[in-house]
Amino acid sequence: MKKVLVLLVLAIMAFSFGNAQAQKIKLNIIGGYSMPMPDLKGTFPDDITKDPTPYMMKKGFNVGGVGKYFFDKKNSIGVTLSVLYNSFSQSVDNPYGSTNLEITNDKFKMNMWQIGLGGEYRLPLKGAITPFIDVDFTANFIGGDMTETNLYGGTTNYSYKRATRFGLNAGAGIEINASKEFTFVIGAKYQMFNLIGKDTTLTGLGNNQYGLNDKEYTIGGIKSSARNITAIQIYGGFSYNIDALFKK
């Protein structure tokens, strides 16, 4: 179902403006490194006692597509529609040292499918390089798990109950002209995945399942602060001028 959704959105991005008068339409294919920020980032098991307890991610990557339509004469103001996959992880060997010799490894993973709608402003400069700034309002579908491996090779898996959050991306980048049809793109974005919709799920969970629990809550008199899920997305890729499909 997810694959069908992604293909459908990419098709819409590419062809929704596709008619005889189509112009100023771009499709970016991008990928790169995702750097988790507090409270997404954490060191395990050292940060377990922090408030809020981080999600224990260390590194990540991103890949996706961005459709753009520019509607002014200078090709500088446009709307964007994007589909992006983010994945964050951390693997720690013998995390407990001598206190628990049976646990040999803990692996943490969190992933987000993201659909964004936003805008872009390109500086109307002449030359091979075009700087731009952009902002997106996003819907984020979040999941993940933690896998614990013991001395005997057995594993225990604890998974997140999938959650939907709404957020905001803001960033900047440059396009480098390669030809009339292609440009290379490099950029970075600050991603806030759970700006809206924070919640706490403590009941109705399956076996070895836990909630995202990013909203402030109190259990047994112990207060846990709200958690922000944020990252820096660094990406590169290429941009294709969809106009060319309709001019041939």
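A short tour of the structure in this document, coming up. This structure is a prediction, so every number in the text was calculated from the model and none was measured.

**Regarding the pairing of strand β4 (residues 103–122)**
- Where strand β3 (residues 77–93) meets β4, 17 bridges bridge the pair, whose relative direction is antiparallel. Bridge pairing links Thr 80 to Gly 118 in β4.
- Where β4 meets strand β5 (residues 129–150), 19 bridges bridge the pair, whose relative direction is antiparallel. Pairing of Asn 111 across the sheet is with Gly 143, part of β5.
- The hairpin turn running from β4 into β5, its antiparallel successor, is six residues long, and Gly 127 in that turn takes a positive phi close to 130°.

**Some details on unusual backbone geometry**
- With an omega of 10°, the peptide bond between Pro 38 and Asp 39 qualifies as cis.
- You can see Asp 39 is positioned in the loop between β1 (25–37) and β2 (59–70).
- Looking along the chain, the bond that leaves Phe 44 and enters Pro 45 is cis, with omega of 5°.
- Secondary-structure assignment places Pro 45 in the loop between β1 and β2.

**As for the pattern of salt bridges**
- On inspection of all chains with the given rule, the structure shows nine salt bridges.
- Across the salt bridge formed by Glu 175 and Lys 26, the nearest N and O atoms sit 3.8 Å from each other. Of this pair, Glu 175 sits in strand β7 (residues 163–177) while Lys 26 is found in strand β1, placing the two residues 149 residues apart along the sequence. Of the two residues examined, Glu 175 and Lys 26, each falls in the buried class.
- Here Asp 134 and Lys 189 are joined by a salt bridge, their closest N and O atoms 3.9 Å apart. Taken as a pair, Asp 134 in strand β5 and Lys 189 in strand β8 (residues 182–196) lie far apart in primary sequence, 55 residues in all. The pair Asp 134 / Lys 189 is uniform in exposure class, with both members buried.

**A closer look at the side chain of Glu 148**
- You can see Glu 148 is positioned in strand β5.
- Among buried Asp, Glu, Lys and Arg side chains, Glu 148 stands out as unpaired, with Lys 107 the closest opposite charge at 14 Å.
- Contacts of Glu 148, omitting those with residues within four sequence positions, involve Tyr 96, Ile 103, Asn 105, Asp 106, Gly 154, Thr 155, Thr 156 and Tyr 158.

**Structural notes on the layout of surface pockets**
- Looking at the largest pocket, its volume works out to about 460 Å³.
- Taken together, 24 residues line the largest pocket, and the ones lying closest to its centre are Thr 53, Pro 54, Tyr 160, Tyr 210 and Arg 227.
- Among the secondary structure elements, those contributing two or more residues to the lining of the largest pocket are β4, β5 and β6 (155–160).
- Tallied by class, the residues present in the lining of the largest pocket amount to 14 nonpolar, five polar and five charged.

Rules and cut-offs
- Residues numbered from 1 in each chain as written.
- Predicted model: local features only at pLDDT ≥ 70, side-chain atom pairs only at ≥ 80, totals over all residues.
- Heavy atoms only, no water.
- Pairing = 2+ DSSP bridges.
- Helix = DSSP H or I, 4+ residues; strand = E, 2+ residues; numbered from the N terminus.
- Salt bridge = Lys/Arg side-chain N within 4 Å of Asp/Glu carboxyl O.
- Buried < 20%, exposed > 50% of the residue type's maximum accessible area, 1.4 Å probe, protein only.
- Lys, Arg positive; Asp, Glu negative; His and termini not counted.
- Contact = heavy atoms within 4.5 Å.
- 1 Å grid on protein atoms, 1.4 Å probe; cavity = no way out; pocket = protein on both sides within 12 Å on 5 of 7 lines; lining within 4 Å.
- Points joined across faces, edges and corners; volume = space filled by probe spheres on them.
- Nonpolar A, V, L, I, M, F, W, Y, C, P; charged D, E, K, R; others polar.

Functional significance is not addressed by these values, which are geometric in nature.
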